[in-house]
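Chain by chain, the residues run as shown.
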Amino acid sequence: MIYLLFLFTVLLAVGLFLILADALKLPTLGAAKAMLSEGRQEK
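What comes next concerns the included structure. (Residues numbered from 1 in each chain as written. Predicted model: local features only at pLDDT ≥ 70, side-chain atom pairs only at ≥ 80, totals over all residues. Heavy atoms only, no water.)

## Thoughts on the overall build of the protein
What counts, and what does not: Secondary structure is summarised from DSSP: a helix means a run of H or I of at least four residues, a strand means a run of E of at least two, and numbering begins at the N terminus for each. When accessible area is computed with a 1.4 Å probe and restricted to protein chains, residues below 20% of their type maximum are described as buried, those above 50% as exposed, and intermediate ones as partly exposed. Accessibility throughout is a Shrake-Rupley quantity obtained with a 1.4 Å probe, and a residue counts as covered only by protein chains that appear here.
Each helix and strand counted, the protein has two helices and zero strands in total. Seen through its principal axes, the protein has C-alpha atoms that stretch 55 × 20 × 10 Å. Considering the protein as a whole, with its 43 residues, one finds that 2% of them fall into the buried category. Only carbon and sulfur atoms are counted for the fraction: they give 76% of the accessible area of the protein, which is about 4300 Å².

## Description of helix α1 (residues 2-23)
For clarity, the cut-off: What a helix should span is 1.5 Å times the count of its residues minus one.
In this model, α1 (22 residues) spans 31 Å end to end at C-alpha, consistent with the 32 Å of a helix rising 1.5 Å per residue. Little of α1 is tucked away, with one of its 22 residues classed as buried. Two residues or fewer past α1, Lys-25 is found with a positive phi of approximately 55 degrees.

Structure follows, in C-alpha cells:
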C-alpha cells in the first residue's frame, strides 16, 4: 500500500510540474543547455 501512495505522489508531482512549466512558458532542459553553451562560446 505504501508503494501505491509513493507512486501516486511522484506522478502527481511530475504532472503538476509539467502543467506549471507549460503555463509559465518555461524553456525545456535542452533549450536551457543550448543557451548556456552558446553564452560560453561567445566569451
